[in-house]
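Structural features, examined
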Amino acid sequence: MEYNYMSFLTDFCFMSLLLVIAQFMRAKIKFLQMFYIPASLVAGILGLLLGPQFLDLIPWSGQIGSYAYMLVCVLFGGLFLGKKEKTSVKKIFTQVGDSFCVNMGAEFFCFGIALLVGGALVTFLFPDVFTEIALLMPSGYCGGHGYASTIGTALNNLLGRTDGVVIGQTFATMGLLIGLFVGIICINYATRKGATRLVKSAKALPEDCRTGIVPAEKRISMGEETINPMSMDPLAWHLALTLIATLAGYTFYDWYKQYLPDIELPVMCLTMIAGVLLQTLLNHTPFKDSVDEHVEGRIGSMVTDYLVGFGVASISITVVMEFVGPILLLCVLGTLTSLTLVFFVGRKLFHNFWFERSIFVFGWTTGVVAIGVTLLRIVDPEAKSGTLNDYGYSYTLQSVIEVFIIALTPILAVSMGCLAVGAIETGIALVLFLIGAKIFGVHKEKMNELRQGDAEIISTLHE
């Protein structure tokens with residue numbers, strides 16, 4: 001069947017239906033609540049099962065596999081819209097240095113170990129498989145379905161393949177599940193060992209976190225109306241800015257490809273840069289305060305739900321079965337890498353609330369930041385540890401570095417080889433860990449021993 005605008009609309013309508021059904025399921029099914037399975041993941045699985053590969057009840061177009069990358073470009077287009085706070089490297093190190101060193105080092109570590117160790121294992125155990133498959137694991141684990149689509153697309157272009165995105169989406173889906181299931185196992189273990197500071201048992205989150213339905217008395221505003229609706233709807237204003245940045249990124253990509261066809265720049269990076277430039281331009285106009293960061297954040301979250309849904313629904317079972325051996329091997333490696341970050345790196349380098357901060361790192365290095373937040377809220381329900389504040393502050397610098405990781409790693413892995421790039425990125429991670437150890441110290445306390453600052457914050461829980 002010919003793909004047209006109705007095919008596009010129908011795909012999104014069906015995914016919308018699945019998202020609503022998945023939310024109803026999350027509100028009613030205890031298993032989904034117990035492990036905090038996101039509705040978007042449930043919708044994607046339903047889309048896969050009801051699609052042409054299984055029951056063939058939903059007539060997905062042949063293009064749903066391309067939506068994830070398109071949506072991540074939209075997501076990054078609005079990533080920095082509404083952000084006005086200026087910061088500096090010195091200020092970040094002064095206030096949240098250990099958090100930056102561990103979190104930034106963790107990302108380099110995950111990519112480096114995957115390429116170095118995973119690349120070597122794939123070469124040795126699966127000589128007929130392309131070695132760059134090792135890069136797709138941390139792409140899906142650390143960046144979720146968005147990074148998996150971006151780096152998968154880059155590898156497809158660089159290697160002349162068609163399966164990079166599918167494999168990346170598989171890793172991203174596996175990462176979400178592993179992040180939740182293994183993360184909760186880690187929390188249960190830590191509470192038994194007395195390593196958690198703010199809870200004594202792995203009790204469930206509040207009812208609304210489990211069911212997804214927020215009661216009337218706990219509801220908060222999604223953002224501010226910065227544009228008078230009599231002139232233009234505020235949501236339309238914010239969405240328009242996001243899509244302008246997206247259009248600028250795609251337009252620049254098409255333009256430079258005419259002159260530099262062999263150079264591959266991720267469109268998501270270009271849309272993000274366009275968003276930064278657009279916000280900078282707005283800052284010099286009467287509209288400088290008319291972009292609400294919270295509204296842009298909600299648009300990004302909305303896009304992410306569809307991104308995950310289409311990412312999972314478009315997984316090709318044939319491709320997964322073809323690469324099932326290396327996929328399982330790399331998933332084990334990725335999980336062990338993230339566990340190392342929790343029980344060795346985080347335990348030694350975080351100045352306080354080491355487990356709370358470390359389990360958050362585990363969540364986002366196996367799934368996405370939302371998984372890290374979910375795990376963190378189980379052990380820090382009142383946000384007393386300062387984990388999210390420190391991460392958010394340090395991420396202003398980390399996000400810039402991530403752009404270079406996403407853009408350059410696929411190119412370097414293909415041109416230099418996975419092992420060489422893996423060694424470089426692992427080396428960068430170790431340098432960051434050593435800087436953190438040198439400046440902020442190495443902690444040798446037992447798992448259940450308090451660190452400086454723990455007791456003072458814990459005492460406020462009883463006031």
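Look a little higher up for the structure.
My aim in this report is to walk through the structure given alongside it, one point at a time. (Residues numbered from 1 in each chain as written. Predicted model: local features only at pLDDT ≥ 70, side-chain atom pairs only at ≥ 80, totals over all residues. Heavy atoms only, no water.)

**Notes on the packing of aromatic side chains**
One pass over the structure, following the stated rule, counts 26 aromatic pairs. Aromatic side chains Phe 12 and Tyr 306 sit 5.8 Å apart centroid to centroid with 35 degrees between the ring planes, which places their arrangement in the tilted category. Separated by 294 residues along the polypeptide, Phe 12 in helix H1 (residues 5-28) and Tyr 306 in helix H11 (residues 293-313) bring together distant segments of the chain. With 5.6 Å between their ring centres and 90 degrees between their planes, Tyr 253 and Tyr 256 make a pair best called edge-to-face. Taken as a pair, Tyr 253 and Tyr 256 lie in helix H9 (residues 234-257) at a separation of three residues, close to a single helical turn. Of the two residues examined, Tyr 253 and Tyr 256, each falls in the buried class. Counting every residue linked through ring pairs, the aromatic cluster contains Phe 8, Phe 12, Phe 14, Trp 60, Tyr 67, Tyr 306 and Phe 310. Sitting over the ring of Phe 130, Arg 161 keeps its end group 3.8 Å from the ring centre. (Phe/Tyr/Trp six-rings, centres within 6.5 Å; stacked < 30°, edge-to-face > 60°. Helix = DSSP H or I, 4+ residues; strand = E, 2+ residues; numbered from the N terminus. Buried < 20%, exposed > 50% of the residue type's maximum accessible area, 1.4 Å probe, protein only. Lys NZ or Arg CZ within 6 Å of the ring centre and 35° of its normal.)

**Considerations on the nonpolar core**
Within the largest apolar cluster, 117 residues are counted, with the highest numbers of intra-cluster contacts made by Met 15, Ile 133, Ile 167, Phe 171, Phe 310 and Phe 355. Element by element, the count of residues in this core is highest for helix H5 (residues 89-125), at 12 residues. Core analysis: the second largest hydrophobic core is formed by seven residues, Leu 81, Ile 227, Trp 237 and Leu 278 among them. (Core = buried A, V, L, I, M, F, W, Y, C linked by side-chain atoms within 4.5 Å.)

**Notes on the packing of H1 against helix H3 (residues 39-50)**
Closest axis-to-axis distance for the H1/H3 pair is 8 Å, and the angle between their directions is 120 degrees. In this view, H1 runs oblique relative to H3, as classed from their interaxial angle. Crossing of H1 against H3: the hand is right-handed. Taking contact as the criterion, the partners of Met 15, Leu 18, Leu 19, Ile 21, Ala 22, Gln 23 and Met 25 in H1 are, on H3, Ala 39, Ser 40, Val 42, Ala 43, Leu 46, Gly 47 and Leu 50. Per-class residue counts for the contact of H1 with H3 are 11 nonpolar, three polar and no charged. (Axes fitted to C-alpha atoms, helices over the stretch in contact; angles between N-to-C directions. Parallel < 35°, antiparallel > 145°, perpendicular 65-115°, else oblique. Left-handed = near helix turned anticlockwise from the far one by under 90°. Contact = heavy atoms within 4.5 Å. Nonpolar A, V, L, I, M, F, W, Y, C, P; charged D, E, K, R; others polar.)

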